[in-house]
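# Fold and contact review
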Amino acid sequence: MPVTLAQGEAQCVIRLDGEINIGSAAELKKLLLQALASGRELRVDLEHATELDVTALQLLWAVEREARASSRGFTLAGRVPAEISIAVVVAGFETFPVGMDQK
Amino acid sequence: MLDKDKFRQAFLEEAREILLELESSLLALNDNRGDNELVGRAFRALHTIKGSGAMFGFDELAAFSHNLENAFDEVRNGRLQVTSELINLSLAALDQIKAMLDEAAGGVGASVAASAEILAKLRQLTGKPGTHAAAAAPSPPSAPLAAASGATRDWQIRFCPGADLMRTGTNPLLLLRELRQLGSLRIKASMAAIPPLGELDPERCYISWEMVLSTSAPREAISDVFIFVADCCELTIEPATAPAIELTAKRTAEATTAPTTAPTTEITTQPAAGPALSPAAAESKTPNPKSPPWGRRASDTPDNASSIRVPAAKLDQFVNLVGELVTVQARLVEIAARREDPDVVAVSEEIERLTSALRENSISIRMLPIRATFERFRRLVHDLARDLHKEVELTIEGADTELDKSVIDQLNDPLMHLIRNSMDHGIEPPETRLAASKRRSATIHLSARHSGDSVLISVADDGGGIDAEAVRNRAIEKGLVATDAVLTEAQIFAFILAPGFSTARQVTDVSGRGVGMDVVRRSVEALRGTIDIASKSGNGTSVTLRLPLTLAIIDGLLVRVGHAYFVLPLAATLECIELTRQDIERANGKHVANVRGEIIPYIRLREYFNIQVERPEREQIMVAETEDGRYGFVVDQVLGDHQTVIKNLGRFYRHVHLVSGATILGNGTVALILDPHRLVRDAIRTMALARGPLGARANVRAAAPRPRAPDVAAQGMPAPSVAAEIRACS
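Keep in mind that this is a model prediction, so the values were computed, not measured.

What follows deals with the overall build of chain B. Counting its regular elements, chain B contains 27 helices and 21 strands. Within the span of chain B, comprising 730 residues, buried residues form 38% of the whole. Taking the contacts inside chain B whose residues are at least 6 apart along the sequence as the reference set, 70% of them involve residues at least 24 apart.

Structure follows, in structure tokens:
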């Protein structure tokens, strides 16, 4: 699966692998909701992702909004590949996700 | 879920259709070079192929089409003239695109050298550098496009994808990337419409974009980027004014930063996030699936599915099942009649009515206009005229005539051979035509029309006509006919259809091997059709194919002779009259009947098929309209109409032409379906062989025919035994 969820003691890590597009959007949404419901801190690992399409971007954006609304931690784990950073800029997302410099 | 292969397959199918449209646009453009509408059509077709091609990973194809598209953009902007050279080059490029599609579908590979050659010529023509096919650049390079146009200006673009944009396989980010190729782009995504995670439909795009594009490209170039999502998005493109840019930037900046600065208020104030966005926001909050989807399509058309695409195999299966249903229904009628139970009879009649409607419906679904087949030949005529140095115009009539899909599928080859024949042998070079005081440019007229239960398709040219004497001499030479035989023109022309028959002294690339007309004959016979050739020396030739409307089910009239059942096509039958012994005596042993003053010759099926059963006191004559006039068929009893599912007799009986198939009756008996046209032809021929020089109907009238049972009996299989064998097999 391109989208996997690992639950630790204090945090959930959602790892995205390869091309994340409409084909994995439903699965990603399910895991994000699961992670939110767990109440743990949420980390999203984009290091092995090669492509994020709009469905993935808007899901991450929405989960960030919700995590912040409930004052829960939401961070990116690992390095963000250059392709992803470029795609995000092309898409006109200036402040997302979560500030690329934040680790 | 998305299935990439399925989309690719759909793209390949769609691309072929677009290419057909492109081809017809190009050919029409050739005849009408100033028509901007046609240039636009060609441009849009190329753009769609390029765009969808790139989207589904056919980069080489996209890059190649892009170059051609650029050329047409030049034409559209008035910088390039439509010339024969451009049209021919475009047609060659179109073939190359076709080859690339075939390659993608697992066919023979497209030649890279050919691509390069076409592109080189295109460059010469446009005087511009193009992207090489091998360079996998699906998007247009900005330099040539931008440089080609006037001054740089700013455009304000708002792009809101509709609810179903993603489901069409479109990736909005690719569109934005393509837009970026046109010039410098400032872009802001608006996330205001994204609902809370729980309510978010993961396969829908909630993000909309506001952009300012600085480009020298014309407005069309911008809207062309969105050309295939135009139906499912909201798009505005306006020349930007300075304050507007300012305002936009501010507003979108607010929208995007809102969640990070004040997330809670953002969620609650969402519906007020701007007038244009509110409907979407409102919709996303309404769980009601019936709420109108976002976008232009929703407001313009009530439904996006006015037609659907179904694989032909599924349709065939459907028609087969209806055929089986008709057979079972016939059994029900039989049982109902035997039981004499009014309830069963009522149900049986109701089912009969429904089955009949279902049958007509299923056949009408398979009916297609012949237009696509006809239009395809414009290209053939254009190319052949060029190769043969002749001037030929193709006129088309009755392209909306509908035929069963399976018939249309098998028409392509025979029509192609007929047209090639006309172009090569029939039509003279322009000089010869002028010398014969004809128009310099010749005409091939392709027409289709309905005639009863058949469709007549004709290929007529105004060329030199067939030299009957040459055909006759060749036939004698080949030993097909005796040197002293007296033949009518129609009989002489019929030799043209013999395999390996050709009067051409020279075999050309186009024709002359004597294969073509044999193919025509075989294909038409396989369709249970007939061929009629008419020609006047010096005035041209016309070949008319008479084909049945459908191959699956016909309305028939069930008749009985002794213990044998036959079906006559209902459309061919006119009336039914009684034949008593007195009538027979009055006719002095001649096989003619007097029907309200008209003398109708008849054929006794009993004698014809050698059915040895006692003759009843009263017989019946079915009067049928055939190509040779009205004829009667004498039977013991007319049982009534019958929905006839045609079953093939199989390879073993393929030479039995008088019978066009068989059908299974309600009681399990097999009835042979007779072909009245062929039956009458055969009777006339048999009689002519017996009596020397052939006459047509007049002779038949003068001396009543006494036909033997020719084909069937000659091959040692009288009809009842055919029936018995089919029964044994089924």
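On to the overall build of chain A, then. Looking only at helices and strands, chain A has 3 helices and 6 strands in total. When the helices and strands of chain A are placed in sequence order, the string is β-β-β-α-β-β-α-β-α. Split into buried and exposed, the 103 residues of chain A put 44% on the buried side.

All names here are of chain B. When you line up the elements, Gln96 lands in helix H4 (residues 84-104). Here Gln96 falls in the buried class, since 22 other C-beta atoms lie within 10 Å of it. Excluding residues within four positions of it along the chain, Gln96 makes contact with Phe64, Ala110, Ala114, Ser115 and Ile118.

Residue and element names in this part refer to chain B. Ordered by their spatial adjacency, 4 strands build an open sheet running S2-S3-S1-S4, and the pairing between neighbours is antiparallel. Of all the strands in the sheet, just strand S2 (184-190) and strand S4 (233-239) have a single pairing partner and so form its edges. For this sheet, the mean angle separating the axes of adjacent strands, direction not counted, is 15 degrees. Judged from the 7 bridges that link them, S2 and strand S3 (residues 208-215) form a sheet pairing that is antiparallel.

Bringing unusual backbone geometry into the picture now. Residues and elements named next belong to chain B. One non-glycine residue, Arg596, lies in positive phi territory at about 45 degrees. Its identity as a non-glycine residue notwithstanding, Asn610 has a phi of 55 degrees, on the positive side. Within the element layout of this structure, Asn610 appears in the loop between helix H23 (605-608) and strand S17 (618-626).

The next thing to look at is the environment of Glu324 of chain B. Here Glu324 of chain B is to be found in helix H13 (residues 312-339). Separated by 340 residues in the primary sequence, Glu324 of chain B and Ile664 of chain B have C-alpha atoms spaced 10.0 Å apart.

Right, let's get into the confidence of the model for chain B. Residues and elements named next belong to chain B. In this model, chain B carries an average pLDDT of 75, and 78% of its residues clear a pLDDT of 70 or more. Of the regions scoring below 50 in pLDDT, residues 130-149 engages in 50 contacts with residues more than four places distant in sequence or in other chains. Predicted confidence for residues 692-730 stays below pLDDT 50, and this span has 65 contacts to residues more than four positions away or in other chains. In the predicted complex, the global pTM is 0.47; the interface-specific ipTM is 0.89.

Moving on, we come to the packing of H13 of chain B against helix H14 (residues 342-366) of chain B. All names here are of chain B. It is at 9 Å that the axes of H13 and H14 come closest, and there the two elements cross at 160 degrees. Our classification of the angle between H13 and H14 gives roughly antiparallel. The two elements H13 and H14 cross, and the hand of that crossing is left-handed. From H13, Leu315, Phe318, Val319, Val322, Leu325, Val326, Gln329, Leu332, Val333, Ala336 and Arg339 reach across to H14, where they touch Val344, Val345, Ser348, Ile351, Glu352, Thr355, Leu358, Arg359, Ser362, Ile365 and Arg366.

Below, the discussion takes up the sheet that holds strand S1 (residues 3-7) of chain A. All names here are of chain A. Spatial ordering of the open sheet is given by S1-S2-S4-S6, a layout of 4 strands whose pairing is mixed. Each edge of the open sheet is held by one strand with a lone partner, namely S1 and strand S6 (74-77). The average undirected angle you get between the axes of adjacent strands in this sheet is 25 degrees. As judged from the 4 bridges shared by strand S4 (residues 41-45) and S6, these two strands associate in the parallel manner. Bridge pairing links Leu42 to Phe74 in S6. In the packing of helix H1 (residues 22-38) onto the sheet, contacts are made with S1, strand S2 (11-16) and S4, and the angle to S1 comes to roughly 15 degrees. The strands touched by helix H2 (residues 54-69) within the sheet are S4 and S6, with S6 carrying the most contacts at an inclination of about 135 degrees.

Residues and elements named next belong to chain B. Among the structural elements, Ala221 can be located in helix H8 (residues 219-225). By the C-beta count within 10 Å, which is 21 here, Ala221 ends up buried. A sequence separation of 42 residues divides Ala221 from Leu179, and the C-alpha atoms of the two residues are 9.1 Å apart.

To continue, consider the pairing of S17 of chain B. All names here are of chain B. In this sheet, S17 lies alongside strand S14 (residues 573-580) in antiparallel orientation, the contact comprising 7 bridges. Across the sheet, residue Leu579 finds its bridge partner in S17, namely Glu619. Across 7 bridges, the pairing between S17 and strand S18 (residues 629-635) is antiparallel. Bridge pairing in S18 places Gln620 opposite Val635. The hairpin formed by S17 and S18 contains 2 residues between the paired strands.

This part covers H13 of chain B. Compared with an ideal rise of 1.5 Å per residue, which puts 28 residues at 40 Å, H13 of chain B spans 41 Å between its outermost C-alpha atoms and is within 8% of the ideal. Immediately beyond the C-terminal end of H13 of chain B, within one or two residues, lies Glu340 of chain B, with a positive phi of roughly 55 degrees.

Glancing now at the interface of chain A and chain B. On the side of chain B, 31 residues touch chain A, which itself brings 28 residues to the contact. Elements with a minimum of two residues in the side of chain A that touches chain B: H1, H2 and helix H3 (82-90) of chain A. With 11 residues, the top contributor of residues to the side of chain A that touches chain B is H2 of chain A.

The next subject is the nonpolar core. Formed by 65 residues in total, the largest nonpolar core has its most connected members in Leu59 and Ala91 of chain A. With 9 residues, H2 of chain A is the largest single contributor of residues to this core. Every residue in contact with Ala91 of chain A, bar those within four places of it in the chain, is listed here: Val54 and Leu57 of chain A together with Leu173, Leu176 and Ala189 of chain B. Judged by nonpolar contacts, the second largest core, of 45 residues, contains Val322, Val333, Tyr565 and Tyr602 of chain B.

Residue and element names in this part refer to chain B. The N-to-C vectors of helix H3 (residues 59-76) and helix H5 (residues 112-126) enclose an angle of 20 degrees; their axes lie 11 Å apart at closest approach. Judged by the angle between their axes, H3 and H5 are roughly parallel. Where H3 crosses over H5, the two elements pack in a sense that is left-handed. Here H3 contributes Phe64, Asn67, Leu68, Ala71 and Glu74 to the contact with H5, which in turn contributes Ser115, Leu119, Leu122, Leu125 and Thr126. Considered class by class, the residues forming the contact of H3 with H5 number 6 nonpolar, 3 polar and 1 charged.

Count 3.6 residues to each turn of an α-helix, and residues three or four apart come out pointing the same way. All names here are of chain B. Taken as a whole, helix H19 (residues 468-477) has its buried residues at Val471, Arg472, Arg474 and Ala475. Across the axial projection of H19, the buried residues extend over an arc of 165 degrees, all falling on one side. Pointing more than 90 degrees away from the buried face of H19 are the exposed residues Glu469, Ala470 and Glu477. Among the structural elements, helix H20 (489-494) are those in contact with the buried residues of H19. Two residues or fewer after H19 comes Gly479, characterised by a positive phi angle close to 75 degrees.

Below, the discussion takes up the confidence of the model for chain A. Confidence in the prediction for chain A averages 81 pLDDT; 89% of positions are at 70 or higher. pLDDT under 50 marks residues 99-103 of chain A. Its contacts with residues more than four places away, or in other chains, come to 5 contacts.

A few words now on the pairing of strand S21 (residues 670-674) of chain B. Taken residue by residue, a regular strand's side chains alternate between the two faces of the sheet. Residues and elements named next belong to chain B. With respect to burial, S21 is a largely interior element, 5 of its 5 residues being buried. Here S21 shows two buried faces, one formed by Val670, Leu672 and Leu674 and the other by Ala671 and Ile673. Pairing geometry for strand S13 (residues 564-569) and S21, over 2 bridges, is parallel. Note on S21: the bridge partner recorded for Phe566 is Leu672. In this sheet, S21 lies alongside strand S20 (residues 659-664) in antiparallel orientation, the contact comprising 5 bridges.

Thresholds applied
- Residues take numbers from 1 onward in each chain, read along the sequence in its written order.
- Each chain is given a letter, starting from A, and each ligand a number, starting from 1, according to the order in which they appear as written.
- The predicted origin of the model limits local features to residues at a pLDDT of at least 70 and limits the giving and counting of side-chain atom pairs to 80 or more, whereas totals for whole chains, interfaces and linings rest on all residues.
- Secondary structure elements are defined from DSSP: runs of H or I of at least 4 residues count as helices, runs of E of at least 2 residues count as strands, and each element is numbered from the N terminus.
- Counting other C-beta atoms within 10 Å of its own, a residue is labelled buried from 20 upward, exposed at 12 or fewer, and partly exposed in the gap between, with every C-beta atom placed from the backbone.
- By the criterion used throughout, residues are in contact when their C-beta atoms, derived from the backbone, lie within 7 Å.
- For two strands to be treated as a pair, DSSP must find at least two bridges joining them.
- Axes here mean lines fitted to C-alpha atoms, for a helix over just the part in contact, with angles spanning 0 to 180 degrees between N-to-C directions.
- Each residue carries a pLDDT score, the predictor's own confidence in it, on a scale running from 0 to 100.
- Convention used here: angles under 35 degrees read as roughly parallel, angles over 145 as roughly antiparallel, angles from 65 to 115 as roughly perpendicular, and any remaining angle as oblique.
- In this scheme, a crossing is called left-handed if the near helix is turned counterclockwise away from the far one by less than a right angle; it is called right-handed if the turn is clockwise.
- Helices are assigned an expected span. That span is 1.5 Å times one less than the residue count.
- A set of buried residues drawn from Ala, Val, Leu, Ile, Met, Phe, Trp, Tyr and Cys, joined through C-beta atoms within 7 Å, is what defines a nonpolar core.
- Any residue outside Ala, Val, Leu, Ile, Met, Phe, Trp, Tyr, Cys, Pro, Asp, Glu, Lys and Arg is labelled polar, Gly included; the first ten of those are nonpolar and the last four are charged.
- Regarding the arc, it is the one traced by the directions from the helix axis to the C-beta atoms.

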